[in-house]
Amino acid sequence: MFTAIFGSFEAGIIYAIMALGVYLSFRILDFPDLTVDGSFVTGAALSAVLIAGGVNPFLATILALFAGFAAGCMTGLLHTFGKINNLLSGILMMIALYSINLRIMGKSNISLLNTDSAFTKIGAFFDSLGVDSFFNRLLTMVGLGDSLPDTWGILLFMIFVTFVIKWLTDLFLQTEIGLAVRATGNNKQMIRSFSANTNLLTILGLGLSNALVAFSGALIAQQSGFADAGMGIGMIVIGLASVIIGEALFGTKTIARATLAVIGGAIIYRIVVTLALRVEFLDPGDMKVITALIVIIALTAPKLFEHSKEKKRKAKRRQEMQNMIQASAGGKGEGYAGFESDTQDF
């Protein structure tokens, strides 16, 4: 069990980068960008091809980020200068990227199992520092010695990278350009009145969003040991699930809190999926159904709770009013009945 939770936490912190990209497009820009399903694979495909070709894995991962940025900018160009509906422009780019990704890989699947990826280098580095042996000794002391993870280096490194990206995202959204991007998603007409170019701001926002998505795709490919043309299917739903779960549990009062909530939502989502798949009658092929159910629950549960609280508040106010009427009427039935009938719809 511990190994499964550890693996889901590790994957969740990587997927959190993708969720931050989805947060930028859906929450900040208010743009339903379906390019995510394609740009995620673009990052995975490009990094896998470059790593298999002998390119430094860290450089390959950075190049994947720029490829995602270009894909996002193309979606923005289709919407702003091509005057195509925002939803349709994302769908068109997603479809185009499927063929582009196949061209990049040359086949539908590339294996990275026998190559040195960024994670193999990171794992070896942390192992040389004695980090793995230190944490494994702690687990053995608390009785978890029979379920030790292969390495702690990837998790520690990804926590650092993810929170650096979160900090940079928070910093960007507080700059003049970042505030303009936020205003574009909130009220385009208002920001245009200040002579801001909303088209360029939209393109920039979508570029940054898909850059993070492709960066996450490159890391997932190296963690899982392969890149596949179909690995991006449903990725937008996973990103939305992470955003919605995080917002529901942690709140969104500030940008810093909202981005932290997205990271937490991504981790919780992966843990929930892992635990769900351990149920006997479920198998890995049911993951998409589980994802859909999680999103449905995350969307409907807060509204149901709020509706229940509102009913309780109304019932409490009605009871208080009836008590006041009874007290003022002095127990006279006729006066109380008249007042009671007037308060039934309160």
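A quick note: this is a predicted structure, and the numbers were derived from the prediction, not measured. (Residues numbered from 1 in each chain as written. Predicted model: local features only at pLDDT ≥ 70, side-chain atom pairs only at ≥ 80, totals over all residues. Heavy atoms only, no water.)

## Notes on the pattern of salt bridges
In total, this model carries 3 salt bridges according to the counting rule given. Glu247 serves as the salt-bridge partner of Arg27, at 2.8 Å between the closest nitrogen and oxygen. Placement of the pair is Arg27 in helix H1 (residues 2–28) and Glu247 in helix H11 (residues 235–250), with a sequence separation of 220 residues. Given the relative accessible area of 42%, Arg27 is considered partly exposed. A salt bridge links Asp170 to Lys166; its shortest N-O distance comes to 2.5 Å. (Salt bridge = Lys/Arg side-chain N within 4 Å of Asp/Glu carboxyl O. Helix = DSSP H or I, 4+ residues; strand = E, 2+ residues; numbered from the N terminus. Buried < 20%, exposed > 50% of the residue type's maximum accessible area, 1.4 Å probe, protein only.)

## Some words on unusual backbone geometry
Although it is not a glycine, Lys83 sits at a positive phi angle of roughly 60 degrees. Within the element layout of this structure, Lys83 appears in the loop between helix H3 (57–80) and helix H4 (86–105). Backbone geometry at Ser195 places phi at a positive 65 degrees, although glycine is not the residue there. Relative to the assigned elements, Ser195 resides in the loop between helix H9 (188–192) and helix H10 (198–224). The class of Ser195 is exposed, set by a relative accessible area of 70%.

## A word on helix H2 (residues 36–52)
Taking 1.5 Å of rise per residue, the 17 residues of H2 would be expected to cover 24 Å, and the 24 Å separating its terminal C-alpha atoms lies within 8% of that figure. Within H2, 13 of the 17 residues are buried, which leaves the element mostly enclosed by the surrounding structure. One or two positions beyond H2, positive phi appears at Gly54, with a value near 100 degrees. (Expected span 1.5 Å × (residues − 1).)

## Structural notes on the confidence of the model for the protein
For the protein, per-residue confidence averages 86 on the pLDDT scale, and 93% of positions sit at 70 or higher. Ranking the elements of the protein by mean pLDDT puts helix H14 (residues 333–342) last with 50 and H3 first with 95. (pLDDT = per-residue confidence, 0-100.)

## Description of empty space enclosed by the protein
Gaps left between atoms are located by rolling a probe of water-molecule size over the structure's atoms. According to the stated counting rule, one finds 1 cavity of 30 Å³ or more in the structure shown. Reported here for the largest cavity is a volume of approximately 30 Å³. Leu24, Ile28, Phe172, Val181, Gly205 and Leu208 are the residues that line the largest cavity. Elements that contribute at least two residues to the lining of the largest cavity include exactly H1 and H10. (1 Å grid on protein atoms, 1.4 Å probe; cavity = no way out; pocket = protein on both sides within 12 Å on 5 of 7 lines; lining within 4 Å. Points joined across faces, edges and corners; volume = space filled by probe spheres on them.)

## Details of the packing of helix H12 (residues 255–277) against helix H13 (residues 287–329)
Where H12 meets H13, the axes come as close as 10 Å, and the angle between the chain directions of the two elements is 130 degrees. Overall, the two elements H12 and H13 adopt an arrangement that is oblique. The interaxial crossing formed by H12 with H13 has right-handed handedness. Here Tyr269, Val272, Val273, Ala276 and Leu277 of H12 lie close against H13, whose contacting residues are Met287, Ile290, Thr291 and Ile294. (Axes fitted to C-alpha atoms, helices over the stretch in contact; angles between N-to-C directions. Parallel < 35°, antiparallel > 145°, perpendicular 65-115°, else oblique. Left-handed = near helix turned anticlockwise from the far one by under 90°. Contact = heavy atoms within 4.5 Å.)

## Structural notes on the packing of helix H5 (residues 118–128) against helix H7 (residues 153–173)
Where H5 meets H7, the closest approach of the two axes is 8 Å, and the angle between their N-to-C directions is 110 degrees. With respect to H7, the element H5 is oriented roughly perpendicular. Contact residues: Phe119, Ile122 and Phe126 in H5; Gly153, Ile154, Leu156, Phe157 and Met158 in H7. Considered class by class, the residues forming the contact of H5 with H7 number 7 nonpolar, 1 polar and no charged. (Nonpolar A, V, L, I, M, F, W, Y, C, P; charged D, E, K, R; others polar.)

## Overview of the packing of aromatic side chains
This structure, assessed with the given rule, holds 3 aromatic pairs. Arranged with centres 6.1 Å apart and planes meeting at 5 degrees, the rings of Tyr15 and Phe40 form a pair that is stacked. Taken as a pair, Tyr15 in helix H1 and Phe40 in helix H2 lie far apart in primary sequence, 25 residues in all. A single burial state applies to Tyr15 and to Phe40, both of which are buried. Taken together, a centroid distance of 5.7 Å and an interplanar angle of 85 degrees make the contact between Phe125 and Phe126 edge-to-face. (Phe/Tyr/Trp six-rings, centres within 6.5 Å; stacked < 30°, edge-to-face > 60°.)

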